[in-house]
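# What the coordinates show
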Amino acid sequence: MKKITIFVVSDSVGETGEAAVKAAVSQFRPDFDGVRIRKFPHINKRELLEKIVHIAVLNEATIIFTLVAVEMRQAMQELAMQNQIPAIDLLGSMIDLIGQTTGEKPLQKPGLVHKLDDDYFKKIEAIEFAVKYDDGQDPRGILLADIVLVGVSRTSKTPLSQYLAHKSYKVANVPLVPEVTAPPELWEIDPKKCFGLVITPEKLNNIRKERLITLGLTEDAFYAQQSRIEQEISYFYSIVDKIGCQAIDVTNRAVEETAHKIIDLYERECK
């Protein structure tokens, strides 16, 4: 099997080039047998390009580069041709095409797509928050959250929390179980930022039976019995009524659809 060596040269971190290389290589070597991919990030001088090309010659490597500065792209092409090294300019043709189409000049600033701005850190903070305050494990998060979700088991509280977190909302979710006293923090929050998730008993029954089967348990367990489900939903409504928050029916609704409804209500009522 012929060995493949590919150098990814970038004036940023090289993630774009590496991802493209892996996507292409996987069409020939899904297990990446005999494939070596080496990144050269933050390359911003011709002298560095010369050294990389020299190493590429010694390793019989192909070069894939994502350089945004015109002079660096031209230098890379020139050095590759002089040393008979196969090289592909991954971004150049697209940058040129967009420039021709818009009549605008590119900024030629590396790493703009990975810029660590306030929005990025806000999203990371929200994701960490959702993990920390998932499934009622720390009720103190209820008072710190932007959005609070309550509902019985298997109403998509966790995936919904994570989806909203990726939209930069801090979310805490609380499972409602008749035998467990609801955390008192629920009575202290603004009802407008709390949302109850409910589902039809029939749908919940099917979901829970499937869950039990995947766990290797029998589907007639108490957890999936119709009477138990109806008891839990009744308890759910008693808590929602006490909080004074809105209940959202998630039956046959995708997580994304529910999330957008919650965002719309939250932005309209709480901002």
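What you see is a predicted model, and the numbers here were worked out from it, not measured in a lab. (Residues numbered from 1 in each chain as written. Predicted model: local features only at pLDDT ≥ 70, side-chain atom pairs only at ≥ 80, totals over all residues. Heavy atoms only, no water.)

For the rest of this paragraph, the subject is the packing of aromatic side chains. According to the stated counting rule, one finds five aromatic pairs in the structure shown. With a centroid separation of 5.6 Å and 80° between ring planes, the pair formed by Tyr120 and Phe121 is classed as edge-to-face. A relative accessible area of 38% places Tyr120 in the partly exposed class. Taking relative accessible area as the criterion, Phe121 reaches 47% and is therefore assigned partly exposed. Taken together, a centroid distance of 5.6 Å and an interplanar angle of 85° make the contact between Tyr169 and Tyr266 edge-to-face. A residue pair is termed long-range when its members are at least 10 positions apart, and Tyr169 in the loop between helix 7 (157-165) and strand 6 (171-175) and Tyr266 in helix 10 (residues 255-270) qualify at 97 residues. Given the relative accessible area of 11%, Tyr169 is considered buried. Sitting over the ring of Phe7, Arg38 keeps its end group 5.9 Å from the ring centre. (Phe/Tyr/Trp six-rings, centres within 6.5 Å; stacked < 30°, edge-to-face > 60°. Buried < 20%, exposed > 50% of the residue type's maximum accessible area, 1.4 Å probe, protein only. Helix = DSSP H or I, 4+ residues; strand = E, 2+ residues; numbered from the N terminus. Lys NZ or Arg CZ within 6 Å of the ring centre and 35° of its normal.)

So, about the packing of helix 2 (residues 46-59) against helix 3 (residues 70-82). Closest axis-to-axis distance for the helix 2/helix 3 pair is 10 Å, and the angle between their directions is 30°. With respect to helix 3, the element helix 2 is oriented roughly parallel. Helix-helix and strand crossings are classified by hand; for helix 2 and helix 3 the assignment is right-handed. Residue-level inspection shows Arg46, Leu49, Glu50 and Val53 of helix 2 in contact with helix 3, the latter providing Met72, Ala75, Met76, Glu78 and Leu79. Considered class by class, the residues forming the contact of helix 2 with helix 3 number six nonpolar, no polar and three charged. (Axes fitted to C-alpha atoms, helices over the stretch in contact; angles between N-to-C directions. Parallel < 35°, antiparallel > 145°, perpendicular 65-115°, else oblique. Left-handed = near helix turned anticlockwise from the far one by under 90°. Contact = heavy atoms within 4.5 Å. Nonpolar A, V, L, I, M, F, W, Y, C, P; charged D, E, K, R; others polar.)

Both faces of the sheet carry side chains from a regular strand, because those side chains alternate between them. Of all five residues making up strand 5 (residues 147-151), five are buried, and the element is well covered by its neighbours. Burial along strand 5 is two-sided: the residues Ile147, Leu149 and Gly151 and Val148 and Val150 are all buried. Two strands pair when backbone bridges link them, and strand 5 and strand 6 are joined in this way by five bridges, in the parallel orientation. Bridge pairing links Ile147 to Val171 in strand 6. Chirality of the crossover, the property in question, places the unit of strand 5, helix 7 and strand 6 among those that are right-handed. Examined bridge by bridge, strand 5 and strand 7 (residues 194-198) share four bridges and lie parallel to one another. Within strand 7, the residue paired with Gly151 across the bridge is Leu197. (Pairing = 2+ DSSP bridges. Right-handed = clockwise from strand over helix to strand, strands pointing away.)

Before going further, it helps to spend a moment on the layout of surface pockets. Of the pockets and cavities examined, the largest pocket occupies roughly 520 Å³. Forming the boundary of the largest pocket are 26 residues, of which Val68, Leu91, Ile95, Lys109 and Leu112 lie nearest the centre. Put simply, the parts of the chain that give the lining of the largest pocket at least two residues each are helix 1 (15-25) and helix 4 (92-102). For the lining of the largest pocket, the leading source of residues is helix 4, giving five residues. Partitioning the lining of the largest pocket into residue classes produces 11 nonpolar, 10 polar and five charged. When its volume is computed, the second largest pocket comes out at roughly 300 Å³. Residue lining of the second largest pocket: 13 residues in total, with Lys3, Ile4, Thr5, Ile6 and Thr62 positioned closest to the centre. Going through the elements one at a time, strand 1 (4-10), helix 1 and strand 3 (62-66) are the ones with two or more residues in the lining of the second largest pocket. Of the residues assigned to the lining of the second largest pocket, the class counts are seven nonpolar, three polar and three charged. (1 Å grid on protein atoms, 1.4 Å probe; cavity = no way out; pocket = protein on both sides within 12 Å on 5 of 7 lines; lining within 4 Å. Points joined across faces, edges and corners; volume = space filled by probe spheres on them.)

Strand order in the open sheet formed by four strands is 2-1-3-4, and the pairing between neighbours is parallel. The open sheet has two edge strands, strand 2 (35-40) and strand 4 (87-89), and neither has a second partner. Each strand axis lies, on average, 20° off the axis of its neighbour in the sheet, ignoring direction. Inspection of the sheet shows strand 1 paired to strand 2 by six bridges, in the parallel sense. Looking across to strand 2, one finds that Val8 is bridged to Lys39.

This paragraph deals with the sheet that holds strand 5. Strand order across the open sheet formed by four strands is 6-5-7-8, with parallel pairing between neighbours. Lying at the two open borders of the sheet, with one neighbouring strand each, are strand 6 and strand 8 (246-249). Across the sheet, the mean angle separating the axes of adjacent strands is 25° when strand polarity is ignored. Sitting on the sheet, helix 10 touches strand 5, strand 7 and strand 8, and the angle it makes with strand 8 is about 155°.

Although it is not a glycine, Gln84 sits at a positive phi angle of roughly 55°. Mapped onto the fold, Gln84 is located in the loop between helix 3 and strand 4. The phi dihedral of Asn252 is positive, around 60°, even though this residue is not glycine. Of note, Asn252 is situated in the loop between strand 8 and helix 10.

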